[in-house]
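Listed here are the chains, written in short residue letters.
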Amino acid sequence: KKISVASAPGKTILFGEHSVVYDEPAIAGAVNKRATVSLCKSHNNYSTLKSNDLGFEVIMDTRRGTYTLKRGKPGIIRYILNAMGKFHDHTSIDMDLSLNLPIGSGLGSSAAVTVATIAALHHYHGVDFNKETLAKEAHAVEEEVQGIASPLDTLVSTYGGLVYLSREKRIVPFDNNLDAPFVIGYTSKYGNTGKVVKKVKTLKNNYPELVNPIIDTMGKIANEARVAILKNDIDKIADLMNLNQGLLDSLGVNTYELSRMIYTARDNGAVASKITGSGGGGSIISLCREDNVDEVAEAINVEDRTIKVKFSKDGVLVNR
Ligand code: MEV
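Residues numbered from 1 in each chain as written. Predicted model: local features only at pLDDT ≥ 70, side-chain atom pairs only at ≥ 80, totals over all residues.

Going by the annotation in an unreviewed UniProt entry, the name recorded for the protein is Mevalonate kinase, with Methanobrevibacter olleyae given as the source organism. Note on the protein: under the UniProt heading Function (unreviewed entry), the record states "Catalyzes the phosphorylation of (R)-mevalonate (MVA) to (R)-mevalonate 5-phosphate (MVAP). Functions in the mevalonate (MVA) pathway leading to isopentenyl diphosphate (IPP), a key precursor for the biosynthesis of isoprenoid compounds such as archaeal membrane lipids." Under Catalytic activity (unreviewed entry), UniProt gives the following word-for-word description of the protein: "(R)-mevalonate + ATP = (R)-5-phosphomevalonate + ADP + H(+)". (UniProt positions renumbered as here; feature names shortened; annotations may be inferred.)

Novice: So what's going on with the site of the ligand? Residues and values would help.
Specialist: In the region of the ligand, the neighbouring residues are Ile13, Glu17, His18, Val20, Val21, Ser150, Thr193, Val197, Gly277 and Ser278. Looking at the shell around the ligand, its residues break down into four nonpolar, five polar and one charged. Each of domain 1 (3–176 + 313–318) and domain 2 (182–309) contributes no fewer than three residues to the shell around the ligand. (Near = placed C-beta within 6 Å. Nonpolar A, V, L, I, M, F, W, Y, C, P; charged D, E, K, R; others polar. Domains from an automatic or database assignment.)

Novice: Can you explain the environment of Asn319? Please cite residues and give values.
Specialist: Positionally, Asn319 belongs in the segment after strand S13 (317–318). Asn319 sits in the exposed class, given 12 other C-beta atoms within 10 Å. Taking the C-alpha atoms as reference points, Asn319 and Ser188, separated by 131 residues in sequence, lie 36 Å from one another. The contacts of Asn319, once residues within four sequence positions are left out, are Ser4, Val5 and His123. (Helix = DSSP H or I, 4+ residues; strand = E, 2+ residues; numbered from the N terminus. Buried ≥ 20, exposed ≤ 12 C-beta atoms within 10 Å, placed from the backbone. Contact = placed C-beta atoms within 7 Å.)

Novice: Give me the lowdown on the sheet that holds strand S12 (residues 306–309), citing residues and values where you can.
Specialist: An order of S10-S11-S9-S12 is seen for the four strands of this open sheet, with the pairing classed as antiparallel. Looking at strand neighbours, the two that pair on one side only are strand S10 (272–276) and S12, the edges of this open sheet. Neighbour-to-neighbour, the strand axes of the sheet open up by a mean angle of 25°, direction not taken into account. By the bridge criterion, five bridges tie S10 to strand S11 (residues 283–287) in an arrangement that is antiparallel. Each bridged residue has a counterpart across the sheet, and for Ser273 the counterpart in S11 is Ser286. Docked against the sheet, helix H7 (residues 234–250) engages S10 and S11, running at close to 45° with respect to S10. (Pairing = 2+ DSSP bridges. Axes fitted to C-alpha atoms, helices over the stretch in contact; angles between N-to-C directions.)

Novice: Account for the nonpolar core, naming residues and giving values.
Specialist: One broad rule of soluble globular proteins: the nonpolar side chains tend to lie buried together. Formed by 95 residues in total, the largest nonpolar core has its most connected members in Val115 and Ala116. A total of 10 residues in this core trace back to one element, the largest contributor, which is helix H2 (residues 109–124). Of the residues that make up this core, three or more belong to each of domain 1 (3–176 + 313–318) and domain 2 (182–309). (Core = buried A, V, L, I, M, F, W, Y, C linked by C-beta atoms within 7 Å.)

Novice: Which residues make up the UniProt feature "binding site: ATP" (unreviewed entry) in the protein, and what are the values?
Specialist: In the UniProt entry, the feature "binding site: ATP" (unreviewed entry) is given for Pro102, Ile103, Gly104, Ser105, Gly106, Leu107, Gly108, Ser109, Ser110, Ala111 and Ala112. With respect to the helices and strands, the residue Pro102 is situated in the loop between strand S6 (93–99) and H2. Judged by C-beta crowding, with 19 C-beta atoms within 10 Å, Pro102 ranks as partly exposed. Not counting residues within four places of it along the chain, the set of residues in contact with Pro102 comprises Leu107, Ser109, Tyr186 and Ile307.

Novice: Give me the lowdown on the environment of Lys274, citing residues and values where you can.
Specialist: With respect to the helices and strands, Lys274 occurs in strand S10. As for Lys274 and Tyr207, which are separated by 67 residues in sequence, their C-alpha atoms are 24 Å apart. Those residues within four positions of Lys274 in sequence are excluded, and the remaining contacts are Met241, Asn242, Asn244, Gln245, Leu248, Ile262, Ile284 and Ile285.

Novice: Pulling in residues and values, what's your account of the pairing of strand S5 (residues 66–71)?
Specialist: When strand S4 (residues 56–61) meets S5, the two strands line up antiparallel, connected through five bridges. Within S5, the position partnered with Asp61 by the bridge is Thr66.

Novice: Could you give an account of the packing of helix H3 (residues 131–146) against helix H4 (residues 151–159), with specific residues and numbers?
Specialist: In contact at an axis separation of 9 Å, H3 and H4 are set at 140° when each is read in the N-to-C sense. Crossing angle aside, the handedness with which H3 passes H4 is right-handed. Between H3 and H4, the residues in contact are Lys131, Leu134, Ala135, Ala138, His139 and Glu142 and Pro151, Thr154, Leu155, Thr158 and Tyr159, respectively. Tallied by class, the residues present in the contact of H3 with H4 amount to six nonpolar, three polar and two charged. (Left-handed = near helix turned anticlockwise from the far one by under 90°.)

Novice: Which residues make up the environment of Ala140, and what values go with them?
Specialist: On the secondary structure map, Ala140 appears in helix H3. Note on Ala140: 18 C-beta atoms within 10 Å, which makes it partly exposed. Sequence separation between Ala140 and Asn82 is 58 residues; the distance between their C-alpha atoms is 9.7 Å.

Novice: An account of the packing of helix H1 (residues 77–87) against H2 is requested, with residue identities and associated values reported.
Specialist: Between H1 and H2, the shortest axis-to-axis distance is 9 Å and the interhelical angle comes to 30°. When the axis of H1 is compared with that of H2, the two are roughly parallel. Read as a crossing pair, H1 and H2 show a hand that is right-handed. In this structure, H1 uses Tyr79, Ile80, Ala83, Met84 and Phe87 to contact H2, whose residues at the interface are Ser110, Val113, Thr114, Thr117, Ile118, Leu121 and His122. Partitioned by chemical class, the residues of the contact of H1 with H2 number eight nonpolar, four polar and no charged. (Parallel < 35°, antiparallel > 145°, perpendicular 65-115°, else oblique.)

Novice: Could you give an account of the domain arrangement of the protein, with specific residues and numbers?
Specialist: Each assigned domain of the protein is listed with its residue range as follows: domain 1 (3–176 + 313–318) and domain 2 (182–309). Measuring from the centre of the C-alpha atoms in domain 1 to the corresponding centre in domain 2 gives 25 Å. Taken residue by residue, the interface counts 27 residues in domain 1 and 29 residues in domain 2. Residue assignment for the side of domain 1 that touches domain 2 shows that the elements contributing at least two residues are strand S1 (3–15), strand S2 (26–41) and strand S7 (162–165). With five residues, S2 is the single largest residue contributor to the side of domain 1 that touches domain 2. When its residues are assigned to classes, the side of domain 1 that touches domain 2 shows 15 nonpolar, nine polar and three charged.

Written out as structure tokens, the structure is:
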């Protein structure tokens, strides 16, 4: 029986959230936590999707793009059904989704699931594809499902590794990887990106002479960070992350919960700690050392909302 398997990583933003909206550079990278989709021909006359990690099981009508729930809450299913509407011939298949990155944590779980689903479907149907087309197809699915979506998530999930996003929105991959342990902590509140971006825009419009230089400095930080990453200069990367955090705070995107996590991480030995993603809820990222990463993860852990990650060179992988 032919089984097609594809996996794709989640991502995190290291530098440049918010300032990237004003065309400043940013740095993001794929992490070593992935979504994996396996699929094979079904003996039933309907398609199924099961995820033990997410605790759900559904029967799908891929032609209509609808599903019947057998158990659980299939939040991520809209992406899968949309991808199947575009890239599947509607014959019956059984799908399995495993996800070792949390949903709603700013780690790009929906992009990872979408990229892995499309890659698995292409493999199943013997369709040739490359990373460029796959990233575009996955972005189109995200846009249709979400309304708007940054192309960065699907790009990083497809290509893997660390990338520098230039002012001109060119993606420049780093040849090297940053081999340091990070901890992501996510708060109880999902960050509403649209709302937070608007809040920064209002502040910028009301106080351009004060806020423009802050955004400009964030761009400079990302550029300094690019050099520091190329040199694997961890001390400098740490300084730059902490500086970036101060500026994010000044833009009003911090919250008590994020702030508490950031200082708890720092107090427990994290060399740097900052918001990752939009803030206003959402997540933090802490740069640790191998000898204190467990301690930091433990200290900031509230209700299992912590995950240890490393940046990873691996983008989408098919049948491996
Ligand atoms: C959110 O992940 C990153 C922001 O810069 C918004 C965006 O770039 O779309 C806050």
